[in-house]
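Each chain, written out:
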Amino acid sequence: RKRAAAKHLIEHYFLQLTEGCGNADCKNEFCASCRDFRPLDNNAAAVKALELYKINAKLCRPPPLKKESDSPSLDSGPSPLDLSDADYSDVHYLTETTVCMILSLCEEEGDYSPLVRVIGRIFSSADALMKSFRKDEASEPLGASSSSAAAASSKEASLEEVFGDVVEMCEVTVVMCVVRRVFVRLLVEEVFVNALINLSANMELDLEYLNVYETSPDYLNIFVIVMENSNLHSPEYLEEALPQFCRALVKLPVSGLARLSKLWSTCGLAHVRHVTETFQQLITFTVVSHEYDGENLVNDDETVVAATQCLKVAFYASIQGGDVDVGNDEEDEQDEASDELTLHELLGEEQLYRKGPWVDPLQKELSVRPIDGTKPLVPFEDFINESLNEVLEVDRDFTFFKVNEDVKFSFQSCPFILTVFNKSRGLYYDNRISMYSERRRSAFYSMTQDTEPNPFLKLKVRRDHIIDDALVQLELISTEKPSDLKKQLFIEFEGEQGFDEGGLSKEFFQLVLEEIFNPDIGMFTYDDDTRVFWFNSSSLENEAQYTLIGLVLGLAIYNNCILDLHFPMIVYKKLMGKKGTFSDLSDSHPVQVLSRSLKSLLEYPGNVEEDMSLSFQISHTDMFGSPVFYDLKENGEQIPVTRDNRQEFVNLYTDYMLNKSVETQFRAFKKGFLMVTQESPLKHLFRPEELELLICGSKKLDFGALEETTEYDGGYSKDTPIIKDFWETIRAFEEEQKRLFLQFISGTVRAPVGGLGKLKMTIAKNGSDTDRCCPTSHTCYNILLLPEYSSKAKLRERLLKAITYAKGFGMM
């Protein structure tokens, strides 16, 4: 009886809110007859009726006699709810109104089992869930006053303005803010967990075998609703429910994943971060809960693989939701088709080895690349999973990527989750495979043509003429037999004994860079403030010189050598295929005074034309100090810069400085770079800032990490007195002395990718105390040969002498 009375009162409040009491002078603010009353639709009136019942609000007239024929019912609204049915078996989908009414009545009765049964049934059914919380059935939040209702309505309108186009484009009809409110009100996690397990199992089968996504455009609603649950990363979901859901999500076709990514990109930072952290939590939880070895690889873990593929959807959502630079691309040099058969083609293996860079299908569907994201919603670093990287066997993973990625999943196809160190190892394996392939082909040709095999890219150079010698030989090779550039580099310095096992190559690169970046040559300009080099647009050197430096960069990457190079970030960005923009000018270009001036122009509040007297003709000085004039537009001298066209002026000015003025030099430079890297997965694996790290190494020198990872040989150990004296000496060195030592031991002043801890230095005993011998090194293998000196002072004196004066093979 109590339940029937409650229903009767709620219906009376509903009638009062929708039809009123009929009194034109009614003063009841909760009556439709009141002049100040704002009309409500059925959904909002039903929710308000529940609120008025709970606070025992004023009724304008006595409750009418109950007549089924003329009594208004809450069922007349969009909610399919029959309050007389304790099991709510006729509720076939959910709206916010339905959930709030059931919850209110459960609170009244003190029995929540009906709500639990409804939630469990709806959230277990794909058909029911994708019909729930639709856009045209959204309602006012429960308990909202008339003022808050107006605010909520205004908020919904603003959300519609922001998301409308994308939602319509993605054909997603669910109202996400409504789903969020429902999840906040319903604290029945056990029910959601069990429902999600059942739901996901059915969806996985439906998507794989019944093609339901193509036949039901609202199917994506299910994934949108589930991911609005803010508790998905909690332990009760991580063991079974969320893994099952991820396996279902990745069964969506690429077009469906793209739509979901676009939708998430419109939801703002908080939502994309929630989605990202949910999948990251699942990956970490799974990895630390299992043990992996050579027989049980992380690549075989279905949960980790599925969660990584789901994380990819969030990764592209983060890019699209942030600042994106699409279409501002450099034109890539197209390789001419070669008539020469590859070794794999000769041996019938061409189907086993992918040729050319791999393109992500989701990236292709979205027409957006990681390099297009100038400022994503979630930083790129947050997508790296350290736990996964620690257990990943990169060599095996790369094999899957290179040979049979269609059969076995490779994390190289999701490079955003990998550390730069692991990506560099993947690239190293790719380069070694290419070198080995060229070596096999060389042996194959030598047998068929009865010639001497040539397994290396051999360069014989003179120290005093290193640029001329390298240029002539590399130009000849790139013209007559460019495939030889893919062989392992082997350097021989004329007049010096020594077999190149890596150390001579490092010295070759260092000497070439010192010569090419010499200001007297004039190929590059140097800025004292930023300490970076930029292409000299007035250089008298021919294009071949710039092609050589591009080749040097490519060969350094290919042969795993670090270069002491000082380019602004825009150079690496252009190498990866993007043109320079104003942000690149202000952040990294040497002419920072120009950047500040252009920024001031954009922000100037006064009369630009009268106060600044600028035109679309600019001028700068060449290497001889003579002025050079350039029209940004035709007849630029006659076109004044005004408040209306100043943005165009800045864009054209930037394009000229970063792109057009050095177009000839940079094209030749990039051509040389691509001669070596065109077919490598470089662009797929790395972003511009990672490419700089790959080429130049890390500027951060952590000698503590080097000390921890150093190995000892020949009778030395970390507890040997001479070793303790050695590390105390290194720690007392000044920064420049530390750099000299690093160059002495490794051939470069930069740390490798991953830091000095990845250098793998070895200190070996090289005899007892001596007055004639200084420490020596094998830079090929980072080995320091250290005599056992009798005192710390003698050790310091000999070590400083060695690192200061050692140069060339066999010295010291």
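Rules of the game
- Residues numbered from 1 in each chain as written.
- Predicted model: local features only at pLDDT ≥ 70, side-chain atom pairs only at ≥ 80, totals over all residues.
- Heavy atoms only, no water.
- Patch = residues over 30% accessible without salt bridge, like charges linked within 9 Å, V, L, I, M, F, W, Y side chains within 5 Å.
- Areas by Shrake-Rupley, 256 points an atom, 1.4 Å probe, with all protein chains shown as cover.
- Salt bridge = Lys/Arg side-chain N within 4 Å of Asp/Glu carboxyl O.
- Helix = DSSP H or I, 4+ residues; strand = E, 2+ residues; numbered from the N terminus.
- UniProt positions renumbered as here; feature names shortened; annotations may be inferred.
- Pairing = 2+ DSSP bridges.
- Axes fitted to C-alpha atoms, helices over the stretch in contact; angles between N-to-C directions.
- 1 Å grid on protein atoms, 1.4 Å probe; cavity = no way out; pocket = protein on both sides within 12 Å on 5 of 7 lines; lining within 4 Å.
- Points joined across faces, edges and corners; volume = space filled by probe spheres on them.
- Nonpolar A, V, L, I, M, F, W, Y, C, P; charged D, E, K, R; others polar.
- Core = buried A, V, L, I, M, F, W, Y, C linked by side-chain atoms within 4.5 Å.
- Buried < 20%, exposed > 50% of the residue type's maximum accessible area, 1.4 Å probe, protein only.
- Contact = heavy atoms within 4.5 Å.
- Phe/Tyr/Trp six-rings, centres within 6.5 Å; stacked < 30°, edge-to-face > 60°.
- Lys NZ or Arg CZ within 6 Å of the ring centre and 35° of its normal.

Caption draft 1: Region of the structure containing a nonpolar patch on the surface. A contiguous nonpolar patch, built from Leu205, Tyr209 and Leu210 and spanning about 370 Å² of accessible area, is present on the exposed surface. Within the fold, Leu210 resides in helix α8 (residues 189-210).

Caption draft 2: Region of the structure containing the UniProt feature "active site" (unreviewed entry) in the chain. Per the UniProt record, the feature "active site" (unreviewed entry) sits at Cys780. Summarising the element assignment, Cys780 is placed in the loop between β11 (776-778) and β12 (783-788).

Caption draft 3: View of the sheet that holds strand β9 (residues 711-713). The mixed open sheet is built from 4 strands, whose spatial order is β9-β10-β12-β11. If you trace the sheet from one side to the other, it starts and ends with β9 and β11, each paired once. Strand-to-strand twist in this sheet, taken as the mean axis angle between neighbours without regard to direction, amounts to 30°. By the bridge criterion, 3 bridges tie β11 to β12 in an arrangement that is antiparallel.

Caption draft 4: Seen up close, empty space enclosed by the protein. Taken as a whole, this structure holds 10 cavities of 30 Å³ or more when the rule is applied. Taken together, Phe123, Phe183, Phe192, Ala195, Leu196, Leu199, Val226, Asn229, Leu232 and Tyr237 form the lining of the largest cavity. Counting residues per element, the lining of the largest cavity draws most heavily on α8, which supplies 4 residues. Partitioning the lining of the largest cavity into residue classes produces 9 nonpolar, 1 polar and no charged.

Caption draft 5: Quick peek at the nonpolar core. Counting residues in hydrophobic clusters, the biggest one holds 113 residues, and the most contacted among them are Phe123, Phe133, Tyr219 and Phe223. Considering every element that reaches this core, the biggest residue donor is helix α15 (residues 302-321), with 12 residues. With residues up to four places along the chain from it excluded, the contact list for Tyr219 reads Ala126, Met130, Met203, Asp206, Leu207, Val212 and Tyr213. Counting 79 residues, the second largest nonpolar core, distinct from the first, contains Ile467, Phe533, Ala556 and Leu674.

Caption draft 6: Looking closely at the packing of aromatic side chains. Under the defined criterion, the tally for this structure stands at 35 aromatic pairs. Taken together, a centroid distance of 5.6 Å and an interplanar angle of 40° make the contact between Phe456 and Phe490 tilted. Here Phe490 lies in strand β4 (residues 488-493) and Phe456 lies in strand β3 (residues 456-461), a separation of 34 residues in the sequence. Residue Phe456 is classed as partly exposed on the basis of its relative accessible area, which comes to 21%. When the centroid spacing of 5.6 Å and the interplanar angle of 85° are considered together, the rings of Phe649 and Tyr653 count as edge-to-face. You can see Phe649 and its partner Tyr653 sitting in helix α28 (residues 646-658), 4 residues apart, about one turn around the helix. Lys408 extends its terminal NZ or CZ atom over the ring of Phe400, reaching a point 5.5 Å from the ring centre. The aromatic ring of Phe421 is capped on one face by Lys758, whose charged end is 4.3 Å from the ring centroid.

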